[in-house]
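# A structural walkthrough
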Amino acid sequence: MPSTPQPGFFNLWSALTPPLRAGQFRLDARVDLDPGAAPTSLPVETGQTFFTVDAPRFALPAGQLLSTYPPANGNGAYSERLPQVVLKRRTLPWERAPGTGADAALPWLALVVIAQGEGTLSPEVDVAQCVTPGVALAGAADVTQGVYLEVTKTVVDAVFPTKEDLPLLCHVRQVDLSDTELALGDDDGWMAVVLANRLPWPASADPTTTGGSDQPAAAPVQYLACLVNLEGQLAALPDVAEDEVGTFVPVDAIAHFDAYADAFADPDSLAMAQPAAGPPQAGPGTPRPAIVARSTLSDTWATAPAAAAAPTALGIDAGRAVREIMGRPWRTPAAAVTAEQTYRFPVLTHWQFTVDGDPSFEGLMQALDVALLGSLPDLDPQAPPAPRPAPDVAATGHVGLAHLTRRGDQATAWYRGPLAPRPAKRDSSTATDGPLPVAHASDQLRRVTPDGREDLTYAAAFEIGRLLALSQPSVVAALMRWRAEQFGAARAAELAAQTVAGTSLLGGPPAITDVAGLGRLVGGALLGRIDADPAATVGPRRPLADPGAPIAGLTGDLEAVVATGLGLDIDALRAQAGQVGVVDALANTAVPMADAPAGPLLEGPDLTTLRSAAEAIAGRMATQAAAGAAPLAGAAPLAGAAPLAGAEAGARAQPDALDRLLTELGP
Amino acid sequence: MTDAALLTGAMAVQATLTASATLGGSLQSQPPDPRTGPRVVPNDLADWLAALRLLAAVPFGYLVPDAELLPQESARFCYLDRAWTDALVQGAMSVGTVTTADHAQLEAVYPYVRDEVDEAERLARVAGHDPAPLGPAGPVTGLLLRSRAVAGWPGLHVRAYSELVPDDAMLPDSDPRRLRLLRMERLAPAVLFVLIDGVPRIVHVEEPRQGLQFGVRPPDGDPADTTRQGLVPPRDINTGEPLVPMDDKTSWVPVRFRPNAPGVLNLRKTRDALLAVPGTNMGTDVDSAEFAIQLLRYPYRQVFGPTGPQTDPETNPSGTGTKAGWIQVFRPRIAVPELFAEFTKGTS
């Protein structure tokens with residue numbers, strides 16, 4: 001499947017032919033086996049299935065019609081656009097074969113546009129009557145009753161597409177579904193389009209009715225667009241000679257049967273020739289003869305409007321009733337008034353529209369008189385005098401209007417609407433009185449212009465604004481409610497102020513005016529009061545950082561103290577810092593450190609004295625130990641040599657601090 | 001206490017109030033409103049006053065006091081007089097003000113009303129996905145179009161641009177050059193009223209896009225000529241682009257008609273004429289899709305503004321070379337001294 005086009009873009013396809021056209025089919029199911037691998041025949045019965053491929057034939061199902069152009073019952077300048085119908089099912093124009101052989105591939109649908117008087121649209125009849133007598137359509141019909149279009153051979157030759165034209169008039173459009181403008185509510189983005197081959201022109205101007213004006217107005221023409229079924233009747237289509245190229249032909253020049261009808265001297269004979277007489281069909285233009293409307297519906301007798309017509313009571317759906325009403329102007333039976341060969345084509349759907357002689361959109365827009373509001377159109381000097389004089393328009397856009405003052409004086413006053421030809425100052429102020437205050441009455445906005453007349457512009461604006469507000473009770477109620485809320489808010493703020501002022505903790509008025517509840521208001525007022533003077537309400541504020549405790553003796557130059565403590569030369573350091581910077585100077589400065597002693601810790605008489613003292617202590621301890629007192633062991637006295645042995649073992653196993661000192665001191 | 005506090009209590013209170021107002025708004029299942037924060041005027045009232053500012057329901061006689069000012073088949077551009085609409089709002093606000101206290105309250109609150117309605121006014125016609133225009137209201141201009149085109153083509157597209165854009169430009173709504181429409185309404189079947197947020201330099205009015213349409217264009221010349229002909233511009237079927245200049249119909253392909261049949265196309269001759277045009281990429285035969293592309297008819301777009309050499313109104317105030325002549329039309333042509341002289345002419 002091709003990619004979906006972007007929104008705003010579309011793809012066009014010339015045709016989408018379904019694999020099977022509408023009809024009845026038989027499906028044969030047979031089993032074939034490979035003869036080399038199995039017995040040559042198997043007793044498998046041939047299966048047969050019958051099925052029907054259905055397609056609309058005499059009526060377009062509801063929902064298949066996505067859009068028509070021109071719009072149904074439209075009235076406008078459609079003369080430069082080809083009428084078209086957009087169908088939801090993309091294969092619909094190719095689902096039936098209109099002919100045999102090569103003609104089977106042609107579309108079976110054509111959009112035929114006929115002007116009023118060129119053909120006859122039947123009421124609902126049995127579908128067997130919907131085709132030209134003598135033509136039989138094989139296969140089942142989708143509905144029992146249908147509508148047909150009856151036209152003479154002249155009209156067919158003039159209006160119907162040729163066999164060659166048919167494929168050119170049907171194509172398929174593919175759009176993006178999200179593009180609501182192009183998708184038209186389709187479900188898959190694919191839709192079939194059937195174009196008409198005729199531009200609906202308005203009738204040429206009749207010089208006898210336009211009074212000899214230079215610009216003859218073209219007369220409006222009613223057109224009927226029919227989506228017709230061409231099955232079995234391709235032979236009736238015209239064959240236009242190769243070298244004929246037509247030019248302009250007035251739309252009413254075509255020979256239609258109204259001319260024939262006029263040939264009958266007595267239209268009553270027409271009516272009496274028919275089994276039942278219908279109401280005369282009043283059409284625009286010349287009076288038409290009273291002609292039969294063959295109908296099986298009783299409502300064709302009624303002259304009541306569509307809403308009161310009988311079909312609703314008869315159980316016929318509303319769409320059919322509307323189509324019935326719409327088709328009435330085309331009820332004149334062509335076969336009754338002309339001896340020419342007529343053809344009948346089943347009509348799947350039809351709508352009518354009116355083309356009038358209005359110029360196109362382009363012509364209208366280019367002929368516009370473009371100016372600023374407040375400028376008058378240029379007067380044609382040859383034009384007859386206007387029934388009333390031109391308005392008194394100032395260059396500012398003010399218009400002089402008649403003004404009946406409150407005292408009853410007839411005066412003129414200036415007025416300018418809100419749409420001005422020049423930018424107006426919003427705050428109109430004069431040199432003397434400054435910006436205007438808010439007006440409370442319209443009289444405050446009345447001005448007197450230098451020419452003596454009053455300028456009621458803004459007074460009128462004030463008054464119409466007041467009246468518009470008064471005209472809607474909901475607006476008045478909203479204004480009053482809002483005003484009450486505002487007064488209520490002020491009252492609440494005042495109440496909150498008094499409440500807060502009553503507390504002994506706080507003083508002064510609160511500054512909070514935004515209110516959404518008295519409790520919150522009081523809370524806000526409290527917070528605001530606390531914030532205004534926190535020292536008075538909750539005590540002094542704690543500093544962000546506490547100062548440290550003073551260090552005794554740390555006086556004088558801090559740098560010098562630190563340098564002295566570290567043994568640095570502060571003057572040399574400062575000199576170096578002046579050259580290479582403080583950080584580099586500190587990095588380059590070595591901190592003086594005390595050297596470790598090279599020799600023994602003690603020498604000479606001190607050592608001798610210490611050693612002799614130690615020996616004396618050791619001897620005394622040994623004597624005590626030998627005497628049985630062992631205070632060093634910290635245990636109960638023991639008998640025999642065992643305690644001494646134990647003491648010696650413990651001392652030898654774990655040298656204590658004294659052992660280490662002795663070892664170090666000893667030579 | 002002299003220390004500068006980082007967050008005062010007043011700020012905290014304000015933040016609490018704002019947050020609760022915002023939260024309260026979001027809890028109600030309303031469409032998102034760009035107006036946040038506390039407001040003096042309730043939103044529904046501000047919206048109604050904004051609609052009133054855009055002249056909703058103001059009788060037409062107040063807009064155009066004399067029919068001669070808007071004749072048939074005319075387009076009238078204008079500025080919106082903000083003093084007029086302010087007076088309108090003041091009139092509406094004066095409803096129910098009886099006592100002196102009411103008047104005092106209205107005077108106290110009116111500056112807020114004015115600013116907030118300014119804000120609400122610009123929110124008119126904002127689509128859901130568009131960024132909301134905020135800020136004070138600027139000048140507003142308008143277009144009154146009285147034509148059969150309004151009645152016959154319902155759903156016209158009107159686009160206004162603040163800068164000169166090409167005539168065939170198709171800019172999205174979000175383009176900064178595109179001015180938003182504050183109001184677009186048919187006041188009568190044949191009268192279209194458009195209010196534009198800003199002063200446009202160019203305005204496009206386009207036929208409604210009712211799907212795709214197929215058709216022909218009439219040749220240039222007298223529009224009253226009833227000898228109808230049809231022309232189509234040949235197009236490249238791969239791109240859809242026309243092969244001939246769209247504004248010069250002399251090189252277009254004429255559509256052939258069937259003899260003695262009004263309006264009925266002779267498709268064979270038309271097809272042959274189209275096949276004779278080089279560059280259409282159609283090959284040797286025409287199928288229905290190719291034929292449809294050749295007959296495509298795009299909506300017509302009327303451009304109000306300078307055409308041809310794009311003239312600067314400052315250097316070329318006479319506006320020579322402009323078609324609709326709107327550049328000079330849209331400039332005020334009178335100064336206050338002249339006005340004063342005119343008004344005092346009768347009294348002196």
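Note that this is a predicted model, so its numbers are computed, not measured.

### Some points on the overall build of chain A
- Helix and strand counts for chain A come out as 17 helices and 21 strands.
- Looking at chain A residue by residue over its 667 residues, the buried ones come to 37%.
- Put simply, 68% of the contacts in chain A that link residues at least 6 apart link residues at least 24 apart.
- Accessible surface, chain A as shown: approximately 36700 Å² in total, 59% of it carbon and sulfur.

### Focus: the sheet that holds strand β12 (residues 190–195) of chain A
- Sheet architecture is open: five strands sit in the order β1-β11-β12-β6-β4 (chain A), paired in antiparallel fashion. Every other strand in the sheet has two partners, leaving β1 (10–13) and β4 (65–69) of chain A as the edge strands with one partner each. Taken over all neighbouring pairs, the strand axes of this sheet differ in orientation by 25° on average, direction set aside.
- Two strands pair when backbone bridges link them, and strand β11 (residues 170–175) of chain A and β12(A) are joined in this way by five bridges, in the antiparallel orientation. Residue pairing across strands places A:H171 opposite A:V193, the latter belonging to β12(A).
- Against the sheet, helix α8 (residues 288–295) of chain B touches β1 and β11 of chain A, its axis set at about 130° to β1(A).

### Overview of the interface of chain A and chain B
- Between chain A and chain B, the contact holds 126 residues from the first and 136 residues from the second.
- Approximately 12100 Å² of surface area, both sides summed, lies buried where chain A meets chain B, with 65% of it carried by carbon and sulfur atoms.
- B:R76 serves as the salt-bridge partner of A:D369, at 3.0 Å between the closest nitrogen and oxygen.
- For the side of chain A that touches chain B, the element with the highest residue contribution is helix α8 (residues 457–470) of chain A, accounting for 11 residues.
- For the side of chain A that touches chain B, the per-class residue count stands at 77 nonpolar, 21 polar and 28 charged.
- As defined by bridge partners, strand β19 (residues 419–420) of chain A adjoins strand β1 (residues 74–80) of chain B across two bridges and the pair is classed as antiparallel. Bridge pairing links A:A420 to B:Y79 in β1(B).

### Looking at the pairing of strand β12 (residues 301–304) of chain B
Residues and elements named next belong to chain B.
- Burial along β12 is two-sided: R301 and V303 facing one way and Q302 and F304 facing the other are all buried.
- Note: strand β7 (residues 202–206) against β12, four bridges, orientation antiparallel. Within β12, the position partnered with E206 by the bridge is R301.

### Here's the deal with a nonpolar patch on the surface
All names here are of chain A.
- A contiguous nonpolar patch, built from I551, L554, L558, V561, V562, L566 and V591 and spanning about 590 Å² of accessible area, is present on the exposed surface.
- Looking at the element boundaries, V591 is found in the loop between α14 (582–588) and α15 (605–626).
- Look at V591 and you get partly exposed, because its relative accessible area is 46%.

### Here we look at helix α5 (residues 100–122) of chain B
- Here α5(B) contains 23 residues, and its C-alpha end-to-end distance of 33 Å stays within 8% of the 33 Å for a straight helix at 1.5 Å per residue.
- At B:V109, α5(B) shows its largest bend, some 45°, and a proline, B:P111, comes one to four positions later.

### A closer look at the confidence of the model for chain B
Residues and elements named next belong to chain B.
- Taken as a whole, chain B shows an average pLDDT of 75; of its residues, 69% reach a score of 70 or greater.
- Confidence, expressed as mean pLDDT per element, reaches its minimum in chain B at helix α9 (residues 326–329) with 44 and its maximum at helix α3 (residues 60–63) with 93.
- Here residues 1–5 is a poorly scored stretch, pLDDT under 50, and it has four contacts once near neighbours within four places are set aside; other chains count.
- Here residues 307–334 scores under 50 on pLDDT; set against residues more than four positions off or in separate chains, the count is 57 contacts.
- Both confidence scores are given for the complex: pTM 0.60, ipTM 0.75.

### Some words on the confidence of the model for chain A
Residues and elements named next belong to chain A.
- For chain A, per-residue confidence averages 73 on the pLDDT scale, and 68% of positions sit at 70 or higher.
- Mean pLDDT in chain A bottoms out at helix α3 (residues 257–263), which sits at 41, and peaks at α8, which reaches 94.
- Within the model, the stretch residues 206–216 combines pLDDT values under 50 with five contacts to residues more than four positions away or in other chains.
- In the model, residues 506–515 has pLDDT below 50 throughout and makes 23 contacts with residues more than four positions away in sequence or in other chains.

### Concerning the packing of aromatic side chains
- Within the structure shown, the criterion is met by 10 aromatic pairs over all chains.
- Seen from their ring centres, A:Y69 and A:Y78 are 5.8 Å apart, and the 85° between their planes marks the pair as edge-to-face.
- Pairing B:F77 with B:F304 gives two aromatic rings, centres 5.7 Å apart and planes at 70°, and the pair type is edge-to-face. Taken together, the positions of B:F77 in strand β1 and B:F304 in strand β12 put the pair 227 residues apart, joining distant regions of the chain.
- For B:F77, a relative accessible area of 1% translates into the label buried.
- In this structure an aromatic cluster arises from ring pairing among A:Y69, A:Y78, A:Y223 and A:F353.
- Directly above the ring of A:W108 sits A:R96, whose terminal nitrogen or CZ lies 5.9 Å from the centroid.

The rules behind these values
- Residues numbered from 1 in each chain as written.
- Chains lettered and ligands numbered in written order.
- Predicted model: local features only at pLDDT ≥ 70, side-chain atom pairs only at ≥ 80, totals over all residues.
- Heavy atoms only, no water.
- Helix = DSSP H or I, 4+ residues; strand = E, 2+ residues; numbered from the N terminus.
- Buried < 20%, exposed > 50% of the residue type's maximum accessible area, 1.4 Å probe, protein only.
- Contact = heavy atoms within 4.5 Å.
- Areas by Shrake-Rupley, 256 points an atom, 1.4 Å probe, with all protein chains shown as cover.
- Pairing = 2+ DSSP bridges.
- Axes fitted to C-alpha atoms, helices over the stretch in contact; angles between N-to-C directions.
- Buried area = accessible area lost by both parts, 1.4 Å probe.
- Salt bridge = Lys/Arg side-chain N within 4 Å of Asp/Glu carboxyl O.
- Nonpolar A, V, L, I, M, F, W, Y, C, P; charged D, E, K, R; others polar.
- Patch = residues over 30% accessible without salt bridge, like charges linked within 9 Å, V, L, I, M, F, W, Y side chains within 5 Å.
- Expected span 1.5 Å × (residues − 1).
- Bend = angle between axes of the 7 residues up to and from the residue.
- pLDDT = per-residue confidence, 0-100.
- Phe/Tyr/Trp six-rings, centres within 6.5 Å; stacked < 30°, edge-to-face > 60°.
- Lys NZ or Arg CZ within 6 Å of the ring centre and 35° of its normal.

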